[in-house]
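# Analysis of the macromolecular model
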Protein chains: 2
Amino acid sequence: MATIQEVAQKAGVSVATISRYLNNPAIVAKETREKVEQAIKTLNYEPSMLGRNLRKSESRLLIVLLPSISNPFYTEVINGIEDTAIEKGYNILLCQTDSKPEREEIYFNMMKNRLADGIISMDPTVDRAKLIEIAKNFPLVQCSEYDEEGIITYVTIDNELAAYHAVKHLIKIGHKKIAMINSGEKFLYARERKQGYLRALNESGIPFNPDWIFTTDNLEFDAGRQAMKSLLGKSEIPTAVFAVSDILAIGALKEINLKGLAVPDDIALVGFDKISFSNMTQPTLTTISQPMYQMGSMSVHMLINKINGKHTESIILDHELVIREST
Amino acid sequence: MATIQEVAQKAGVSVATISRYLNNPAIVAKETREKVEQAIKTLNYEPSMLGRNLRKSESRLLIVLLPSISNPFYTEVINGIEDTAIEKGYNILLCQTDSKPEREEIYFNMMKNRLADGIISMDPTVDRAKLIEIAKNFPLVQCSEYDEEGIITYVTIDNELAAYHAVKHLIKIGHKKIAMINSGEKFLYARERKQGYLRALNESGIPFNPDWIFTTDNLEFDAGRQAMKSLLGKSEIPTAVFAVSDILAIGALKEINLKGLAVPDDIALVGFDKISFSNMTQPTLTTISQPMYQMGSMSVHMLINKINGKHTESIILDHELVIREST
DNA sequence: ATGAAAGCGCTAACAG
DNA sequence: CTGTTAGCGCTTTCAT
């Protein structure tokens, strides 16, 4: 591996000239430039990021913190993050916490150790106090999550309104017995979506039946099945279900099918996220689409602003109700 | 951000001592150690990886090259890679090529620029010549793919045998009209799986019907639907289908359902990969399970061996036929 | 057990 | 337009 010194020697110029050529070829004289190009080519030189990074005290790496990469919701957000990061000359470190604090610790330390220039946190289970402490000392934005205290810059959607739209849609097509499959209320978005659900019911004068809210302890397929199983066992069975994630809805769909019931004729179903699988089920799933790619892209812009010391406002993006076969 | 110098000054020792404390606390005297610990704590010192990396000329980063993170097959392999890498003190850079050469180029350059210590390539569409060139100059292993010339170390399964097992299973439960949904034969695994399909037919004296092989040009859900649509339009319709990926099989399932046919009664279906979604469909999918996690884990071990200059043999892992409701 | 000093590869004043 | 020089923060001989 050739170094900048060797190239300088070969080209008969100083290392500064090589560095200038690398960073701004225009400012070196045409004649010199040609000599440099020649030397670089014959030595097969590639500049070392290690040297550059130390000198500029930056890594051009962004940490993306998420619970798990296997959740299709995140994969689309990541696409937005990645494309924008590359465009801006950054690379991303995808960090799965699996909701384990010790993993989280590793990634926060990488930030402290200057291995990354900033963090995009998408983990809802992250330790709040630690996150705030990091946010105070390093560039950090939250994506799809946010802290109610508003200390941390974020990009998200209006979860209350999105849930309201979903349930309103079910009411509009004639449903009155509407259940909700929610995730734990320790999550802010779960509390907000429940509010939207309640507001929609309330507005239409439909009484709230606590029997029809099922709270899962995770967002996996099986949790959706269990939830539906429970709902189907109630004395009065709902005719429509709003699930706060497509995977939960797909689990519910499975259970409905197993019981010999049909969607949407016996039970209508609305999911959340518009993951690609939601279009592969039989029937396809009505769902709330979040602007996932845009969320990712925006977070990068905001984070890079922060890295460059600029002030950035939090932002709330629009969602969309996608009506398909399940309602 | 405190530096090692400041800590040294505060503790009244030399920077060398701080460095020793950081890397091997045992070799510094107990009394000095305490002074150092005190200084580190009061200054809130965190060592900079940038300095360390330059000095040791390593980045402790591994590039993982894959077509797309949204394919669930890769997510599980990645889990194996990530866990093992972290255990070994490395971090991973997940790099999606989207099968675009220019993206590939970026990541190869990162390697040349010493931003990573090695590459795990899982991309079947990678430019072969370039890959070999990189492999000659840098630590690189292939995961789930391999080059027939055998220059590059790899970890994979026996695709021919896996396909053979899948088709043999269909024959055993009484099928004779067995179609195959394959991906393009530019992919080695596609050619190998076709060989396995043919061998199984041949061994049971079932004549090969070229009408029943459909070659898709991608691995998406819609390609599976199109393939099935075509197969259902043939003069003679097969009673069983072997698809080389679960996503293709799920697409086929959708099309079968739309035509009012039932799986497995009218048509039996076997997929490949055992992605988590293959257990969420109605009916659940019979499939070939690859040891994805282990493949990821092994690749990291092999790559780190290479990084450390040790010789490493390629390896072929076992697959497993998982019989579920679709057959 | 500790310190002094060199240097990893690069960039950025500064001077000319 | 180009060269000289001083580091960025760390590790690692080589002495002591």
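See the structure above.
Calculation notes
Residues numbered from 1 in each chain as written. Chains lettered and ligands numbered in written order. Predicted model: local features only at pLDDT ≥ 70, side-chain atom pairs only at ≥ 80, totals over all residues. Heavy atoms only, no water. Phe/Tyr/Trp six-rings, centres within 6.5 Å; stacked < 30°, edge-to-face > 60°. Buried < 20%, exposed > 50% of the residue type's maximum accessible area, 1.4 Å probe, protein only. Helix = DSSP H or I, 4+ residues; strand = E, 2+ residues; numbered from the N terminus. Lys NZ or Arg CZ within 6 Å of the ring centre and 35° of its normal. Pairing = 2+ DSSP bridges. Axes fitted to C-alpha atoms, helices over the stretch in contact; angles between N-to-C directions. Contact = heavy atoms within 4.5 Å. Arc of directions from axis to C-beta. Polar contact = N/O pair within 3.5 Å; in protein donor to acceptor, adjacent residues only side chain to side chain. Right-handed = clockwise from strand over helix to strand, strands pointing away. Near = heavy atom within 4 Å. Nonpolar A, V, L, I, M, F, W, Y, C, P; charged D, E, K, R; others polar.

With that settled, the discussion passes to the packing of aromatic side chains. Residue and element names in this part refer to chain A. For the structure shown, the criterion picks out eleven aromatic pairs over all chains. Both rings, one in Phe187 and one in Tyr189, keep their centres 5.7 Å apart while their planes meet at 15°; by these two values the pair is stacked. Per residue, the accessibility class of Phe187 equals that of Tyr189, and both read buried. Ring geometry for Tyr197 and Phe208: centres 6.5 Å apart, planes at 85°, overall edge-to-face. Note that Tyr197 is positioned in helix α9 (residues 188-203) and Phe208 in the loop between α9 and β7 (213-216), a separation of eleven residues in sequence. Overall, the relative accessible area of 40% leaves Phe208 in the partly exposed class. Cation over ring: Arg199 sits above Tyr164, and NZ or CZ is 3.9 Å from the ring centre.

Right, let's get into the sheet that holds strand β11 (residues 315-317) of chain A. Residues and elements named next belong to chain A. The strand order across the open sheet built from six strands is β2-β1-β3-β4-β5-β11, with neighbouring strands paired in parallel fashion. Each of the sheet's edge strands pairs with one partner strand only, and the pair in question is β2 (91-96) and β11. Within this sheet the neighbouring strands show an average axis-to-axis angle of 20°, counted without direction. Of the pairings in the sheet, the one linking strand β1 (residues 61-66) to strand β3 (residues 118-121) comprises four bridges and is parallel in character. The residue bridging Ile63 from the neighbouring strand is Ile119, located in β3. Running over the sheet, helix α5 (residues 72-87) touches β1, β2, β3 and β4 (140-143) and is turned about 155° from β2. Each of β1, β3, β4, β5 (154-157) and β11 touches helix α12 (residues 292-307); the most contacted strand, β4, lies at about 165° to it.

Before going further, it helps to examine helix α7 (residues 128-137) of chain A. All names here are of chain A. Here α7 has its buried residues at Leu131, Ile132 and Ile134. What you see down the axis of α7 is that its buried residues fit within an arc of 160°, all on one side. Among the exposed residues of α7, those pointing more than 90 degrees away from its buried face are Ala129, Lys136 and Asn137. Residues of α7 that are buried make contact with α6 (101-112), β3 and β4. In this structure Asp127 caps α7, since a side-chain oxygen of it lies 3.0 Å from the backbone nitrogen of Ala129.

For the rest of this paragraph, the subject is the pairing of β7 of chain A. Residue and element names in this part refer to chain A. Bridging between strand β6 (residues 178-183) and β7 involves four bridges; their strand directions are parallel. Among the inter-strand pairings, Asn182 is bridged to a residue of β7, identified as Thr215. Since β6 and β7 lie parallel, the crossover through α9 that links them has a hand, and here it is right-handed.

Here we come to the protein's contact with DNA strand C. If you check the shell around DNA strand C, you find 24 residues, and the closest are Ile4, Tyr45 and Arg55 of chain A together with Arg20 and Thr32 of chain B. Restricting attention to atoms of DNA strand C within 4 Å of the protein, one finds that 58% of them are sugar or phosphate atoms. A distance of 2.6 Å separates a phosphate oxygen of DNA strand C from a polar atom in the backbone of Ser48 of chain A. Where the surface near DNA strand C is concerned, the elements lending two or more residues are α1 (4-11), α2 (15-23) and α4 (49-56) of chain A together with α2 (15-23) and α4 (49-56) of chain B. When residues in the surface near DNA strand C are grouped by element, the largest group, four residues, is from α2 of chain A. For the surface near DNA strand C, the class distribution of residues is nine nonpolar, ten polar and five charged.

All names here are of chain B. Here we have six strands laid out as an open sheet, ordered β2-β1-β3-β4-β5-β11, and parallel in their pairing. Two strands bound the open sheet, and with one partner strand each, they are β2 (91-96) and β11 (315-317). When the angles between neighbouring strand axes are averaged without regard to direction, this sheet yields 20°. Both strand β4 (residues 140-143) and strand β5 (residues 154-157) contribute to a ladder of two bridges, which runs parallel. From the neighbouring strand, Cys143 faces β5, where its bridge partner is Val155. The strands touched by helix α7 (residues 128-137) within the sheet are β3 (118-121) and β4, with β4 carrying the most contacts at an inclination of about 135°.

All names here are of chain A. Position of Thr216 relative to the elements: it lies in strand β7. The class for Thr216 is buried, based on a relative accessible area of 4%. A distance of 2.8 Å separates a polar atom in the side chain of Thr216 from the backbone oxygen of Asn218.

Neighbouring DNA strand D are 24 residues; Arg20 and Thr32 of chain A together with Ile4, Tyr45 and Arg55 of chain B lie closest to it. Sugar and phosphate atoms constitute 55% of the interface atoms of DNA strand D, taking the interface as everything within 4 Å of the protein. Between Thr17 of chain A and DNA strand D, the recorded distance is 2.6 Å, taken from a side-chain N or O atom to a phosphate oxygen. Of all elements in the fold, only α2 and α4 of chain A together with α1 (4-11), α2 and α4 of chain B reach the threshold of two or more residues within the surface near DNA strand D. Counting residues per element, the surface near DNA strand D draws most heavily on α2 of chain B, at four residues.

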